[in-house]
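These are the residues of each chain, in order.
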Amino acid sequence: MHKLRAGIIGGGFIGAQHVEALRRLGDVEVAGIAGSSLARAQANAESLHIPRAYASYAELLADPAIDVVHTCTPNVLHYAINRAALEAGKHVVSEKPLAMNATETASLVDVAQWSGLLAAVNFNHRGYPMVQQARAMVAGGQIGAVRLVHGAYLQDWLLYQNDWNWRLDPAEGGSSRAVADIGSHWADLVQHVIGQRIMRVCADLQTVLPRRVRPAAPVQTFSGAQDGQGEEVAITTEDYAAIMFATEGGAHGVFRVSQVSAGHKNDLVFEVNGAHTSVRWDADCPDELWVGHRNQPNQRLTKDPSLVAPGVRAYTHLPGGHHEAWPDALKNVFAEMYAAVRGGRGGPGPGDAFASFADGHRSALLVDAVLESSRLGAWVDLS
Ligand code: NAI
Ligand code: SOE
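Residues numbered from 1 in each chain as written. Chains lettered and ligands numbered in written order. Predicted model: local features only at pLDDT ≥ 70, side-chain atom pairs only at ≥ 80, totals over all residues. Heavy atoms only, no water.

S.K.: Quick question: what am I supposed to make of the sheet that holds strand β14 (residues 277-282) here?
M.R.: Strand pairing in a sheet relies on backbone hydrogen bonds. The paired strands run either parallel or antiparallel. With respect to topology, nine strands assemble into an open sheet ordered β16-β15-β14-β13-β7-β12-β11-β8-β18, the strand pairing being mixed. In the strand order of this sheet, the two ends are held by β16 (299-302) and β18 (380-381), each with one partner. As paired elements, strand β8 (residues 198-206) and β18 share two bridges and run antiparallel to each other. Looking across to β18, one finds that R200 is bridged to D381. In the packing of helix α6 (residues 129-139) onto the sheet, the strands contacted are β7 (146-154), β13 (267-274), β14, β15 (288-293) and β16, and the crossing angle to β15 comes to about 30 degrees. Sheet contacts for helix α8 (residues 178-194): β7, β8, β11 (240-247), β12 (252-258), β13 and β14; angle to β7, the most-contacted strand, approximately 150 degrees. (Pairing = 2+ DSSP bridges. Helix = DSSP H or I, 4+ residues; strand = E, 2+ residues; numbered from the N terminus. Contact = heavy atoms within 4.5 Å. Axes fitted to C-alpha atoms, helices over the stretch in contact; angles between N-to-C directions.)

S.K.: Any chance you could explain the site of ligand 2 here in plain terms?
M.R.: As a matter of local geometry, ligand 2 sits amid F13, K96, Y153, Q155, W157, R167, D181, I182, H185, F222, Q259 and N266. Within the contact set of ligand 2, an oxygen atom lies 3.4 Å away from a side-chain nitrogen or oxygen of W157. Separating an oxygen atom of ligand 2 from a side-chain N or O atom of H185 is a distance of 2.7 Å. Burial of ligand 2 by the surrounding chains reaches 93%, relative to a free accessible area of 300 Å². Element by element, the count of residues in the shell around ligand 2 is highest for α8, at three residues. Residues belonging to the shell around ligand 2 are distributed by class as follows: five nonpolar, four polar and three charged. (Near = heavy atom within 4 Å. Polar contact = N/O pair within 3.5 Å; in protein donor to acceptor, adjacent residues only side chain to side chain. Areas by Shrake-Rupley, 256 points an atom, 1.4 Å probe, with all protein chains shown as cover. Nonpolar A, V, L, I, M, F, W, Y, C, P; charged D, E, K, R; others polar.)

S.K.: Explain the pattern of salt bridges here, please?
M.R.: Between side chains of opposite charge, pairing is possible as soon as their charged atoms come close. In this structure the tally under the stated criterion is 22 salt bridges. In this structure, R52 and D63 form a salt bridge, with 3.4 Å as the shortest nitrogen-oxygen distance. Residue R52 is found in strand β3 (residues 52-54), and its partner D63 is found in the loop between α3 (57-61) and β4 (68-71); the two are separated by eleven residues along the sequence. Look at D63 and you get buried, because its relative accessible area is 11%. Between E248 and R197 there is a salt bridge, with its nearest N and O atoms 3.1 Å apart. Residue E248 is located in the loop between β11 and β12, and its partner R197 is located in the loop between α8 and β8; the two are separated by 51 residues in the primary sequence. With relative accessibility at 42%, the residue E248 sits in the partly exposed group. Overlapping salt bridges, with partners in common, bring together K96, R167 and D181 in one network. (Salt bridge = Lys/Arg side-chain N within 4 Å of Asp/Glu carboxyl O. Buried < 20%, exposed > 50% of the residue type's maximum accessible area, 1.4 Å probe, protein only.)

S.K.: Teacher, can you tell me more about the packing of helix α4 (residues 78-87) against helix α5 (residues 102-115) here?
M.R.: Packed helices, taken two at a time, are described by their axes: the angle between them and the distance between them. Interhelical geometry of α4 versus α5 gives an angle of 15 degrees and a closest axis separation of 10 Å. Taken together, α4 and α5 sit at an angle that is classed as roughly parallel. Pair α4 / α5 crosses with left-handed handedness. Taken together, the residues of α5 that come into contact with α4 (itself represented by Y79, N82, R83, L86 and E87) are E104, S107, L108, V111, A112, W114 and S115. For the contact of α4 with α5, the per-class residue count stands at six nonpolar, three polar and three charged. (Parallel < 35°, antiparallel > 145°, perpendicular 65-115°, else oblique. Left-handed = near helix turned anticlockwise from the far one by under 90°.)

S.K.: Would you explain α4 in this entry?
M.R.: The periodicity of an α-helix, 3.6 residues per turn, causes residues three or four places apart in sequence to face the same way. Among all positions of α4, only H78, I81, N82, A85 and L86 are buried. Summarising the axial view, the buried residues of α4 lie within an arc of 125 degrees, below the 170-degree limit, and thus occupy one face. On its buried face, α4 is in contact with β1 (4-9), α3, β4, β5 (91-94), α5 and α10 (357-376). Of the residues one or two after α4, G89 is the one with positive phi, at around 80 degrees. (Arc of directions from axis to C-beta.)

And the structure:
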C-alpha cells in the first residue's frame, strides 16, 4: 500500500500532535510543513524531523506531492487555507473551529461538496473509546430516552492577567473565545453521543479579566504566564460562559466553559440522563464510564476491548488496564479520516466517528447563536 502524504500548516502546539498521531498510523508520511515564515517552517521541520519546509501555505498547496493538508494555524486563517486547499485538489483535515463564523463555514461546506475530497474537522474527543461506548449505549436504548444533558469544559491556562495567547485577540481567534475554543468541543461531543442536534440556546457570557497584558512577541499555546512586560489591552471575548440548550429530540441541558478556573487543566465532563439510566464521562479519567441506576448499584465501566460494545472495539488498541488517552483518541479519528481518503469518501461513513465540514458548520451556527443570545439576553434558535 502506498503511503498518503500529509502536509502540515502551522507547527505550534497542535501541529506537532498531528505529526505524531499521523506517524503512528503507519500508512501516512508527513512530507512537509509550512509556517508563518520559511525560517519558522525550517525550525519546525528540523525539530519534528519533517523532510520539507515551505515558506508559505500557498507553496505547500502548490506541491503535487502533498495529498492531505492539515490546517493547524490560528483560527483567522482556517477559512482561506481550507478553501484554497480544496480548490488545489487536496484533502483537508481542519482544526476547529472550521472558520471564524457560520457565513464562512457555510461556504466551505459548499466547496467541500463539489470537490468530493475529504473535508474533516478535528473534533478529536469523539475518538475516545469510552465516549464511543456512551454513544453505543444511547443508540442501543440502554439508558432510555435522553432527557437531560449537562457538564462543563474548564481550563485555567488564561487565569492571570499576564497570560497571553492569540486566542485573546478577536482578529485572530474570533468574536467568541471560550465558547468557540472549548465549548465547541463540548457541544460537538454531546451531540455526537446523543445523536441529536442542539436547536436553541440561552447564554450568559462573562469577561472576567477585561484587561490583559499583551507581550510584544507571539506566545505559543499553554506556555504559562508571561513576565508582565507589554501593552495593556482591553479584552472583549468571554473567559466564562453558561449555556442552556434544547435539542431536536426534546432533551434539555446546560454546560459551562471557562479558561480561568484554577486547578482545571483541560477538564471536559458530560453527563446524559436517560429515562432510566445515566452515563457520565470525564476526560481526566478517559478509560472509565460511570453508569448511574435508580434501582441497582451504580457501575464504573472500564475500557477493555473484551467488554466494550462490539462497534467500540476498533477504538481500543490495548488490553484493559493499559490506558488510552488524548493522543490515542486523536489517532483514532485520523485513522478513520485517512481510511475515508483511501475509500474515496469526502466525509464519515456510517460507522465513523470523525466530524465533517457540515459538523464544523453546525458548530459555527451554535457559536453565533450563543453570541446573539448573550447580546439579546434571550433564547435564540440556531438558524
Ligand atoms: P499555536 O499558536 O501553538 O500554533 C499555531 C501555529 O501556526 C504557530 O506555529 C504559528 O507560527 C503558525 N502560523 C501562524 N500563521 C501562519 C501562517 N500564515 N502559515 C502557517 N503557519 C502559521 O496554536 P495551537 O494551539 O496549535 O492552535 C492552532 C489551531 O488548532 C487553533 O485553531 C486551535 O483552535 C486548534 N487546536 C485544536 C486542538 C484540538 O484538541 N482539536 C488543540 C489545540 C489547538
Ligand atoms: C486551548 O484552549 C486548547 O488548546 C483548545 O484550542 C483545544 O481545542 C482543546 O482541545 C485544548 O485546549
